[in-house]
Number of protein chains: 2
Amino acid sequence: MNKKEILEKANYYNEYFKDYSYILEVFSFDHETVAPINSTNEANKAMSRVSNDLFKVLKSDDYINYVIEAYNHKDEFDIEYQRKFELQYREYEKSKNITPELDYEMSLTISTASSMWKKAKEKNDYSLFEPHLKKIVELKRKEISLRDKKFDTPYDSLLDDYESGNNERILDKFFEDIKNGIVPLLKRIVNSKKKIREDFLTYNVPIWKQEKLSNWILNFNDFDLNSGVISTTEHPFTCFPSEHDTRITTHYHENDYLSNIFSVAHEGGHAIFGQNEPHKFFTVGMEESMTSAMHETISRFYENIIGRNRNYLLHLYNKTNEVCGDTFKDVSFDEFYEGVNIVRPSLIRTEADELTYCLHILIRYELEKGLINGTIDTKDLNVLWNKKYKEYLGIEPKGDKDGILQDMHWGGGLFGYFPSYALGNAYGAMILNRMKKDLDFDETLKEGNLKAIKEWLKNNVFNIAGLNDPNEWIKKITGKEFSTKEYIEYLSQKYEKIYQI
Amino acid sequence: MNKKEILEKANYYNEYFKDYSYILEVFSFDHETVAPINSTNEANKAMSRVSNDLFKVLKSDDYINYVIEAYNHKDEFDIEYQRKFELQYREYEKSKNITPELDYEMSLTISTASSMWKKAKEKNDYSLFEPHLKKIVELKRKEISLRDKKFDTPYDSLLDDYESGNNERILDKFFEDIKNGIVPLLKRIVNSKKKIREDFLTYNVPIWKQEKLSNWILNFNDFDLNSGVISTTEHPFTCFPSEHDTRITTHYHENDYLSNIFSVAHEGGHAIFGQNEPHKFFTVGMEESMTSAMHETISRFYENIIGRNRNYLLHLYNKTNEVCGDTFKDVSFDEFYEGVNIVRPSLIRTEADELTYCLHILIRYELEKGLINGTIDTKDLNVLWNKKYKEYLGIEPKGDKDGILQDMHWGGGLFGYFPSYALGNAYGAMILNRMKKDLDFDETLKEGNLKAIKEWLKNNVFNIAGLNDPNEWIKKITGKEFSTKEYIEYLSQKYEKIYQI
């Protein structure tokens, strides 16, 4: 194929997959948010069919021929196409031994497991979910065994899916550094004399008021609601159906209004990233080329580095009082700031404070590594889960709902994803320091100029995300090799001040 | 092909189309209800692609061969498959000269026109919509000219799409009877001395209270919300994505709470029909084989014959007072009943009272007949529209929003559909009389036993709808030939009593 032919094929397939995956993603979003409960089986069947039909296209001679030709000629193209051709070739290599039948089985298993996860969580009973999880783990291991490219361990193969360039060796060290940095700090905090007021954290805020705050945050953070949607699910998520359609969900608890606030800030961060990629990435079809860790960098940046910053919280404090009337009138801003940043070892990852969060990830990392490498059985998983919570956080779930069943990831076939959250925290601290060279971060937040922050991220972070593997990316942004050092410093400085230690 | 081969193909294609049209229908519903405004172009593009890909399957040799073989062997199958094979052969015949290119052009034109209709309505400006409508009319006329089967007029060809067996000759007579029945009655009402209280019809009811009433009505009418969804759009509609997923939308106006009530009753009627078809219809793939008039029979039955019945309204009156507290405390039940049934010539079809409703349809019938037969130009349509409202109803729209732009049908490519609404009213009155032979209608409503009514409809009306053309259907249900007589009698008896004339 010559350059022109390759370009034609690239455009054809890009538009083709874009349209179908758009429809499929919206259908899936609908299923999570509004579809009636009795439609689950037929919805899963329909999604599996369409996914499988798309998979068959990926397996067609025409497509494979294009992928190989494009890869071989990639040097003739500009940088975006080069990356696109590189990534799609990696995907092709990875899945070339996966048959449509195995793909169909996987996608049907996943959709059934996701539904069962929901039911099991409602019933607080892991045993309802366990057989489905077992099946997913088996299929994942089968999938890995079919790959040409061999890694030191099966789990490494999945890590490569999400964060190319990382592996167990690197991550074992990373989590070791995290543990060594956080655990002593946590101990000092727990032993400190500082009393942080927390009664108001459970003040009642009716859902319709919380909805107002959700919209306010999205607008304040410069998310474009004309190109986005916010809806409700038990477990919040973000999806990116198309260039002008980026969606987040949140959840509402009347007696924990901050849960919604930080869910919206987090998912809104993903969504702002999605809305502010270069247009060229969409025309080339590489709009989803950034890794999960890159994405979590931004979502955690908006949730914590911005969202729990003192100057940012001043705006939230004022808005909360405006929306909630007298509800929080006995709470001073200092109390509000400290309460939002209180450190309390807890059971639910998504509700965890900024400091202990990575310990939740550590637990998942150890468990999924064992599952995929075959050293842990799904049968014992809830017991093991609870044991590790006891060990690392000093607390234990009362039931599976607050333990093993809290996250939807594994039921959705996502193994190797969790480390991305922790990596994202560490990347975020490095990006913050780099950003501070160009703009006065605290002052910008004080002014409420979130647009300036978004623009900086757009021009320095979003613009090159899809073009690089994660460790290259962070080096290009900051000029430094990746390490946990700046993250631990960031945490220490912040919490030493709050807890006066 | 032998019987077994035909059956295999039938099942394959049934499941195939079921899955894809499910996904497509949900996507379209999402687009009407929650999708962000800026996604319109890309959503239209994606929908057009998928529709067009499905159209190509309908055009494939394999599918066409199956359709012809199935039709030729239909006598070997049971009655559901016979009907299915008959109907799909009719469809094939009708579209066999339509190229995928023309189909794509039509579907893209329609989705663009639907979006422009929305914008034009917002801006109250028909001229924004007119060029798109013009294009649709041209494409429709082109489509008709390509059909093998010839009718007396182009419009007859479209009437046959919706209500096979009907044509201009029959409908001209039908509307003549309607006019002759309703206009003198309306005159007597307008001249009567009866004063009906109407101030409370515009009492303010906050939307969250109206939402409660929406859910109450759906439950009370025995709609299954575990297999259905209610959402909000400006122009209410019903759709049937899958066997256990039937969806309606409604709209809320704070100062016209009955508008929502009767929208929900109407769309809920469609939805109850959809939820209570025989399961076999779904397995055979003939779940959407009933005609529009059959559908409107049921939706108008729930909206008017049930929904505006004195005994039914007693329940609504009580529930309204329960939900709204003191709002309606100065309104007696007699005043409520009469107010709900007040006759007032008005501009908006969907808000029209039961008596004048068919005059709105008459206007649309005359206009679309002219458009499709080439005797009326889209350029003059808003002027003509207003003229006819003046002539038949004695009132005139102030702007296009309340006139020509109120209905989404034409922008969605639906011509020949409107008469179905009027036919449905007349069918409904005949069904009511037949039902009364088996159960005490008024007493059943008094007891609030809507389940009994639904069951009767299920066993006598829904069960044979898809199997028959409309006039056969009504004859099988009632044992009588279709006429407007019972409908005019029903209206006369009801309104003579209310207006004491």
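Up top is the structure these notes are about.
Because the structure is a prediction, the values reported are computed rather than measured.

Glancing now at the overall build of chain A. In terms of regular secondary structure, chain A is built from 21 helices and three strands. Projected onto its principal axes, the C-alpha coordinates of chain A cover approximately 70 × 50 × 45 Å. In chain A, which comprises 501 residues, the share counted as buried stands at 60%. Taking all contacts inside chain A whose residues are at least 6 apart in sequence as the whole, residues at least 24 apart take part in 74%. Counting every atom, chain A has about 20000 Å² of accessible surface; 49% of that belongs to carbon and sulfur. Across chain A, the 67 positively charged side chains and the 83 negatively charged ones have centroids separated by 3 Å.

Turning our attention to the interface of chain A and chain B. Opposite the 36 residues of chain A that make contact, chain B presents 36 residues. Interface area, chain A with chain B, both sides summed: about 3000 Å², of which 58% is carbon and sulfur. Our enumeration of links across chain A and chain B arrives at eight salt bridges. Residues Lys45(A) and Asp19(B) are paired through a salt bridge, measuring 2.8 Å at the closest nitrogen-oxygen approach. At the junction of chain A with chain B, the criterion picks out 22 residue pairs in polar contact (both at pLDDT 80 or more). Put simply, the parts of the chain that give the side of chain A that touches chain B at least two residues each are helix H1 (3–33), helix H2 (40–58), strand S1 (228–232) and strand S3 (245–250) of chain A. A total of 11 residues in the side of chain A that touches chain B trace back to one element, the largest contributor, which is H1(A). Looking at side-chain class alone, the side of chain A that touches chain B contains 18 nonpolar, seven polar and 11 charged residues.

Quick look at the relation of the copies chain A and chain B now. Take chain A, turn it by 180 degrees, move it 0.0 Å along the axis, and it overlays chain B with an RMSD of 0.0 Å. What we have between these two chains is a two-fold relation. Considering only C-alpha atoms, the part of chain A nearest the rotation axis is Phe27(A), at 3.0 Å. In this assembly the copies share their binding face: 100% of the residues contributing to the interface of chain A also contribute to that of chain B.

This paragraph deals with the environment of Lys74(A). By the secondary structure assignment, Lys74(A) is in the loop between helix H3 (61–72) and helix H4 (79–95). Not counting chain neighbours up to four residues away, the residues in contact with Lys74(A) comprise Gln82(A), Phe85(A) and Glu86(A).

All names here are of chain A. With respect to the helices, strands and loops of the structure, His31 is situated in helix H1. According to the relative accessible area criterion, His31 is buried, its value standing at 12%. Beyond its immediate stretch of four places on either side in the chain, His31 contacts Ser39, Thr40, Ala43 and Lys118.

The rules behind the values
- Residues numbered from 1 in each chain as written.
- Chains lettered and ligands numbered in written order.
- Predicted model: local features only at pLDDT ≥ 70, side-chain atom pairs only at ≥ 80, totals over all residues.
- Heavy atoms only, no water.
- Helix = DSSP H or I, 4+ residues; strand = E, 2+ residues; numbered from the N terminus.
- Buried < 20%, exposed > 50% of the residue type's maximum accessible area, 1.4 Å probe, protein only.
- Contact = heavy atoms within 4.5 Å.
- Areas by Shrake-Rupley, 256 points an atom, 1.4 Å probe, with all protein chains shown as cover.
- Lys, Arg positive; Asp, Glu negative; His and termini not counted.
- Charge placed at Lys NZ, Arg CZ, Asp CG, Glu CD.
- Buried area = accessible area lost by both parts, 1.4 Å probe.
- Salt bridge = Lys/Arg side-chain N within 4 Å of Asp/Glu carboxyl O.
- Polar contact = N/O pair within 3.5 Å; in protein donor to acceptor, adjacent residues only side chain to side chain.
- Nonpolar A, V, L, I, M, F, W, Y, C, P; charged D, E, K, R; others polar.
- Least-squares fit on C-alpha atoms with pLDDT ≥ 70 in both.

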